[in-house]
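In case you want the letters, here they are:
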Amino acid sequence: MSTTTTLSSAGSRPKLPPIATLGPLIALVLAVAFFATQSDRFLSIQNFSLILQQVMVVGTIAIGQTLIILTAGIDLSCGMVMALGAMVMTKLAVGSGLNPYLAIVVGLLVCMAFGLVNGLLVTRVKLPPFIVTLGTMNIAFAITQLYSNAQTVTDLPPEMTFFGSTFSIGSAAFNYGTVFMVLMYAFMWWGLRETQPGRHVYAVGNNPEATRLTGIATDRVLLGVYILAGAFYGLASLLSVARTGVGDPNAGQTENLDAITAVVLGGTSLFGGRGIILGSLLGAVIVGVFRNGLTLMGVSSVYQVLITGVLVILAVTTDQLSRKGAR
Amino acid sequence: MTLTISRTCLALSTIALAALSSAAVAADQPVIGLITKTDTNPFFVKMKEGAQSAATAKGAKLLSAAGKADGDNAGQVTAIENMIAGGAKTILITPNDSKAIVPAIKKAQGQGVMFIALDSPADPADATDALFATNNYTAGELIGRYAKAAMGGKPAKIATLDLFPGHPVGAQRHNGFMKGFGLQAPDSKINELGKSAEIVCSADSFGDQAKGQTAMENCLQKNPDINLVYTINEPAAAGAFQALKNAGKEKGVMIVSVDGGCAGVKNVKAGMIAATSQQYPLKMASMGVDAGVEFAKTGKKVSGYTDTGVTLITDKPMSGVDSKDTKVGMDLCWGNK
């Protein structure tokens, strides 16, 4: 009987207390309102398009990170895996003259392979995700440096920088990469809500043991999540390459914590099983809004770091309190 | 903040102690230690290269090590201890933390070790026996004077893409640039960024290309009429160029920078950067090794500050401002050509 109860609750659509959903939205609206009063150049479609461009790499990494955090895991390797993917793509295309599309696919596969390794170590060897990804983060960093000889790759073929180019609607220029990022969010939002595997991700994060007892292959769900996350890091590689126009071996060094910050700001619980993926996009945008707004005000970016810290604590506290309330 | 934390996580990936493997040292062979900030930055790779070739030429043995990440003091302290155990009598060091390294230096000096700071000083500067470094204020002044001449009296709207708050090198280059441009500027001892009406936007780039791009985009949003960009280094300059290009403004805006890495000189040649102040890590290191060998032979220590020089590299020279072209710059640059 208890099993059926767990099954139905584990299998149902995730329900969230409104505060966790609304929190990031309120923070964003307040920040936007504040900066709008401080700078007359802040409130424009073009500026928001710019902010989206600036967060598209972290935002895309945050999709993969959200999936993993929903299973009560964490991924420290994401930024370094992204950097490795970018080096593989650019070096193969420029250095080896491989067809750019093929080079992109190889880069994606490398990132997914890292996801596979992370997933296998978590599910088969039963290692904690934190330690596993700490290890693979360092491995990915070292391989990136060795493979690239610490050299930046330039003169990329246009296929690789497509997502960095823009199209105009009216007077505002939009960037293809940001559109792609938003589509990826929409896709995963639908996938997590409406599909069986999506709901299994929440179930595994909520209560892995109960989920396993209902006959769901939890290890397979976890493995799938890590590989899929790797794929998103690979797509982030492509966006990063497109945005900067180079393959940069020193990229990605702060992206792991930046992505975790975005996920947490977005209201996803670090304990797993609760959260809405669109929140992570809001989380990434909030950080971008503060960086942009403070620069427009002429204020040091250290305050952005300070405010981000305060918001993270607020978000986690909200999550903790609402968990208590739910019991 | 996140920068520091994740770089610390990186710690495991880079090996702090290197080159201490061969313990057997010929009794009379001078042993010289080189401790750089990190071992991934091409600047320090070049420095190590210079030290190694000078050591080979002079028959000295070079031990080298690096901090695990930019800012890692503990790793450098460990390296000092290990190098003394390895028989080093001269240690060349680029301090990661100018103040925190001082007690370890003092302790080692008590054991008769000579210290030469390379590239950046300890704090106080006289904590090391000598300092071989670029004058960062002069480096800034050169590009400031160049920019002033190149603007030709056109009113300047300047963006500065700085390092990060509180770093002396960031302040010296920024303030030197202002002085060279003829603006009211703090002197070389002040560790704060100077302000002026001509500087319409200042943002931190962390010396990183992607962050430099973001900073430039935000500055253009603040003031679309920016026509001159000062950048702390060439990766930041490359980021600034990308932002200008995306905004369709790369033609009308001049970028000046500091460093003289090969990638940067290439960008000068390509016209992305108008001029850069080139510095010479190889020279710092080879001078350091020479001083170490001299000390081992004669017991004579070096002292004080030696300016290792800086040259303005540009393909569009301005009268009244000394410069060399990118061909010279490429010959002397650091990093892969």
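Because the structure is a prediction, the values reported are computed rather than measured.

A. Quick look at the overall build of chain A. Across its full length, chain A carries 13 helices and two strands. Its C-alpha atoms give chain A principal-axis dimensions of roughly 65 × 50 × 35 Å. The burial tally for chain A puts 54% of its 327 residues in the buried class. Sequence-distant contacts in chain A: of pairs separated by 6 or more residues, those separated by 24 or more amount to 78%.

B. How the structure looks around the packing of aromatic side chains. All names here are of chain A. Taken as a whole and assessed by the stated rule, the structure comprises 15 aromatic pairs over all chains. Between Phe34 and Phe35, the aromatic rings sit 5.3 Å apart at their centres with planes inclined by 65°, giving edge-to-face as the arrangement. What makes Phe34 partly exposed here is its relative accessible area of 41%. You can call Phe35 buried: its relative accessible area is 2%. Each ring, one from Phe162 and one from Tyr176, has its centre 4.6 Å from the other, and the planes form 25°; the classification is stacked. Linking Phe162 in the loop between α6 (129-148) and β1 (166-169) with Tyr176 in helix α7 (residues 176-194), this pair joins segments that are 14 residues apart in sequence.

C. Layout of helix α4 (residues 78-95) of chain A. Here α4 of chain A is 18 residues long and its end C-alpha atoms lie 25 Å apart, about the 26 Å a rise of 1.5 Å per residue gives. Positioned one or two residues after α4 of chain A, Gly97 of chain A has a phi angle of 70°, which is positive.

D. Representation of the sheet that holds strand β3 (residues 90-93) of chain B in the model. Residue and element names in this part refer to chain B. Taken in spatial order, the six strands of this open sheet run β2-β1-β3-β4-β5-β11, and their pairing is parallel. Bordering the open sheet on either side are β2 (61-66) and β11 (304-307), each of which pairs with just one other strand. Adjacent strand axes in the sheet meet at a mean angle of 20°, parallel and antiparallel pairs treated alike. Against the sheet, helix α10 (residues 281-298) engages β1 (31-36), β3, β4 (114-118), β5 (130-133) and β11, with an angle of about 170° to β4.

E. Quick peek at the interface of chain A and chain B. Counting residues at the interface gives 37 residues for chain A and 32 residues for chain B. Each partner contributes to the roughly 2900 Å² buried at the junction of chain A and chain B, and carbon and sulfur atoms together form 52% of this total. Here chain A and chain B share one salt bridge between them. One salt bridge connects Glu217 of chain B with Arg243 of chain A, and the closest N-O pair in it is separated by 2.9 Å. If you look at where chain A meets chain B, you find twelve residue pairs in polar contact (both at pLDDT 80 or more). Of all the secondary structure elements, the ones that give two or more residues to the side of chain A that touches chain B are α3 (45-70), α6, α10 (218-244), α11 (255-265), α12 (277-297) and α13 (302-326) of chain A. Classifying every residue of the side of chain A that touches chain B gives twelve nonpolar, 20 polar and five charged.

F. Representation of unusual backbone geometry in the model. Here Asp123 of chain B and Pro124 of chain B are connected by a cis peptide whose omega angle stands at 5°. By the element assignment, Pro124 of chain B lies in the loop between β4 and β5. In this model, Ala72 of chain A sits at a positive phi of 65°, which is unusual for a non-glycine residue. The class of Ala72 of chain A is partly exposed, set by a relative accessible area of 40%.

G. Molecular detail of the confidence of the model for chain A. Residue and element names in this part refer to chain A. Summing up the model confidence of chain A, the mean pLDDT is 89 and the portion of residues at 70 or higher is 93%. In the model of chain A, helix α1 (residues 2-11) stands out as the element of lowest mean pLDDT, 40, in contrast to helix α5 (residues 100-123), which has the highest, 97. Across residues 1-12, confidence stays below pLDDT 50; counting only partners more than four residues off in sequence or on other chains, it has nine contacts.

H. Structural context of α10 of chain A. Residue and element names in this part refer to chain A. Compared with the 39 Å implied by 1.5 Å per residue over 27 residues, the 39 Å span of α10 between its first and last C-alpha is a close match. With 22 of 27 residues buried, α10 lies mostly within the body of the structure. Gly245 sits one or two residues past α10 and shows a positive phi near 75°.

I. Representation of the sheet that holds strand β9 (residues 254-259) of chain B in the model. Residues and elements named next belong to chain B. Reading across the sheet, the six strands line up as β7-β6-β8-β9-β10-β12 and stay open at both edges, with mixed pairing between neighbours. The outermost strands of the open sheet, each flanked by one partner alone, are β7 (199-204) and β12 (310-313). When strand polarity is set aside, the average angle formed by the axes of neighbouring strands in this sheet is 15°. The pairing of strand β6 (residues 158-162) with β7 spans five bridges and is parallel. Of the residues in β7, the one forming a bridge with Leu161 is Ala203. Lying on the sheet, helix α7 (residues 209-222) is in contact with β6, β7 and β8 (228-231); it crosses β7 at an angle near 150°. Sitting on the sheet, helix α8 (residues 234-246) touches β6, β8, β9 and β10 (275-279), and the angle it makes with β9 is about 165°.

J. Geometry of the pairing of β10 of chain B. All names here are of chain B. Burial within β10 is extensive, with five of its five residues counted as buried. Here β10 shows two buried faces, one formed by Ala275, Ser277 and Gln279 and the other by Thr276 and Gln278. The sheet contact formed by β9 and β10 spans four bridges and is parallel. Within β10, the position partnered with Asp259 by the bridge is Gln278.

K. Quick look at the packing of helix α8 (residues 196-206) of chain A against α10 of chain A. All names here are of chain A. Two numbers describe how α8 lies on α10: the axes approach to 10 Å, and their chain directions differ by 110°. Considered as vectors, α8 and α10 are oriented roughly perpendicular to each other. On α10, the residues that touch His200, Val201 and Val204 of α8 are Thr218, Val221, Leu222 and Val225. In terms of residue class, the contact of α8 with α10 is made up of five nonpolar, two polar and no charged.

L. Layout of the state of the cysteines. Residue and element names in this part refer to chain B. Summed over the entire model, instances satisfying the criterion amount to two disulfides over all chains. Each sulfur of the disulfide joining Cys262 and Cys333 lies 1.9 Å from the other. Its S-S torsion of approximately 90° makes the covalent link between Cys262 and Cys333 right-handed. Placement of the pair is Cys262 in helix α9 (residues 262-269) and Cys333 in the segment after α11 (326-332), with a sequence separation of 71 residues. Comparing Cys262 with Cys333, the two get one shared label, buried.

So, how was this worked out
Residue positions are counted from 1 within each chain, in the order its sequence is given. Each chain gets a letter, beginning with A, and each ligand a number, beginning with 1, in the order they are written. A pLDDT threshold of at least 70 governs which residues receive local features in this predicted model, and a stricter bar of 80 or more applies before side-chain atom pairs are shown or counted, although totals over entire chains, interfaces and linings include all residues. Computation of side-chain values covers all heavy atoms of the structure but excludes hydrogens and water. Each helix corresponds to a stretch of at least 4 residues labelled H or I by DSSP, and each strand to a stretch of at least 2 residues labelled E; elements are numbered beginning at the N terminus. We call a residue buried when its accessible area falls under 20% of the maximum for its residue type, exposed when it is over 50%, and partly exposed in between, using a 1.4 Å probe and counting protein chains only. Two residues form a contact once any of their heavy atoms are found within 4.5 Å. We call Phe, Tyr and Trp rings a pair once their centres come within 6.5 Å, taking the six-membered ring for Trp, and we label the pair stacked below 30 degrees between planes, edge-to-face above 60, and tilted otherwise. Each helix should span, by expectation, one fewer than its residue count multiplied by 1.5 Å. Only strands that DSSP links by at least two bridges are regarded as paired with each other. Convention adopted: a line fitted to C-alpha atoms gives each axis, helices being fitted over their contacting stretch, and angles between N-to-C directions are expressed from 0 to 180 degrees. By definition, the buried area sums, over both parts, the 1.4 Å-probe accessible area that each loses when the two are put together. Salt bridges are defined by distance alone: a side-chain nitrogen of Lys or Arg within 4 Å of a carboxyl oxygen of Asp or Glu. We define a polar contact as two N or O atoms separated by no more than 3.5 Å, with the added condition that, inside protein, one atom must be a possible hydrogen donor and the other a possible acceptor, whereas residues neighbouring each other in sequence contribute only through side-chain atom pairs. When residues are grouped by polarity, Ala, Val, Leu, Ile, Met, Phe, Trp, Tyr, Cys and Pro land in nonpolar, Asp, Glu, Lys and Arg in charged, and all others, Gly among them, in polar. Think of pLDDT as the predictor's per-residue confidence, scored from 0 to 100. Any angle that falls under 35 degrees is termed roughly parallel, while one over 145 is termed roughly antiparallel, one within 65 to 115 roughly perpendicular, and all others oblique. Only a pair of cysteine sulfur atoms within 2.5 Å counts as a disulfide in this structure description.

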